[in-house]
Amino acid sequence: ALVEVSGAAEVLLEECTLTQCSVDGIQLLTDSQVMVRSSSISTCQGTGIRATSARARVDGCDIFSNGGYGIHTSSSPLSITRSLLRNNARAGLRADGEAVPIITDSVISGNVDHGVSNVSGNTLKAPNNWWGDPTGPFHPTLNAEGLGNRVSDRVEFHPYRTVASDIPKVVTATLENGVAVSGTFTLKSSAAYYAVEVPTGQHLALTFNDINDTGITQVYLSRERFPTSMDYQIRHEMNGADQRLFV
């Protein structure tokens, strides 16, 4: 593998770009605890991320066009959020052994074999994902009309997203005294989601520019999870442009 983590290690891999490797992109081996965040893994001859008896979280990553699986997990508790698993030569996500992965708020599309293939003895939870088509993933008995990426048995894919534009986006902002000095939040649809890390003891100031002043813009905020209009900690309405919100 281009990157290998093993042993009782706690590792953060962030903003990495791995491409055109002749083997797997990342291997996570026994007892390692790893967060892979905001990274791109593509065109590897093997699998993008291979996790074997490791504890791992994949967040905000783009894993595409690899010669094997996008992610292959074997006997590993694995959480995948806000990521893209697309156009891989085998399954976007493959689970076997005693693996108990969960994948949510992600794009799973264009993978040749399956979007998600589960041959473990456990049920794989895959709610709130976009499968490449509004009809959801194809399963011969559970969703025979689905035109999206195929799923195997023992995959819980309900509810599924019917539009891709509401998938949360990960934005890394540079902060000075809590004010974002870099990192742009561009609203390209009626609903856009962003994650911002604020250093301990600081506050976040959000400035809203170039907002259509003919209507009301609603902003929902939550700590450590993405908010909805029914589940949030802070709600703010703006009627006009160039406003600032302190959190």
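Residues numbered from 1 in each chain as written. Predicted model: local features only at pLDDT ≥ 70, side-chain atom pairs only at ≥ 80, totals over all residues. Heavy atoms only, no water.

Draft legend 1. Spotlight on the environment of R86. Examined against the element boundaries, R86 turns out to sit in strand β12 (residues 84-86). Here R86 falls in the partly exposed class, since its relative accessible area comes to 24%. With 29 residues separating them along the chain, R86 and G115 place their C-alpha atoms 8.2 Å apart. Look past the residues within four positions of R86 in its chain and what remains in contact with it is D62, I63, F64, S65, S109 and N111. (Helix = DSSP H or I, 4+ residues; strand = E, 2+ residues; numbered from the N terminus. Buried < 20%, exposed > 50% of the residue type's maximum accessible area, 1.4 Å probe, protein only. Contact = heavy atoms within 4.5 Å.)

Draft legend 2. Representation of the packing of aromatic side chains within the structure. Using the criterion set out here, one finds 1 aromatic pair in the structure. Taken together, a centroid distance of 6.5 Å and an interplanar angle of 35 degrees make the contact between F157 and Y160 tilted. The buried category is assigned to F157, whose relative accessible area is 1%. Lying over the aromatic face of F64, R86 brings its terminal NZ or CZ to 4.2 Å of the ring centre. (Phe/Tyr/Trp six-rings, centres within 6.5 Å; stacked < 30°, edge-to-face > 60°. Lys NZ or Arg CZ within 6 Å of the ring centre and 35° of its normal.)

Draft legend 3. Main features of the sheet that holds β12. Spatially, β3-β6-β9-β12-β15 is the arrangement adopted by the 5 strands of the open sheet, whose pairing is parallel. A single partner strand is all that each edge strand has here, and the edge strands are β3 (17-19) and β15 (107-109). Strand-to-strand, the axes of this sheet are offset by a mean angle of 5 degrees, without reference to chain direction. For strand β6 (residues 40-42) and strand β9 (residues 62-64), the ladder comprises 3 bridges, and the chain directions are parallel. Across the sheet, S42 pairs through a bridge with F64, a residue of β9. (Pairing = 2+ DSSP bridges. Axes fitted to C-alpha atoms, helices over the stretch in contact; angles between N-to-C directions.)

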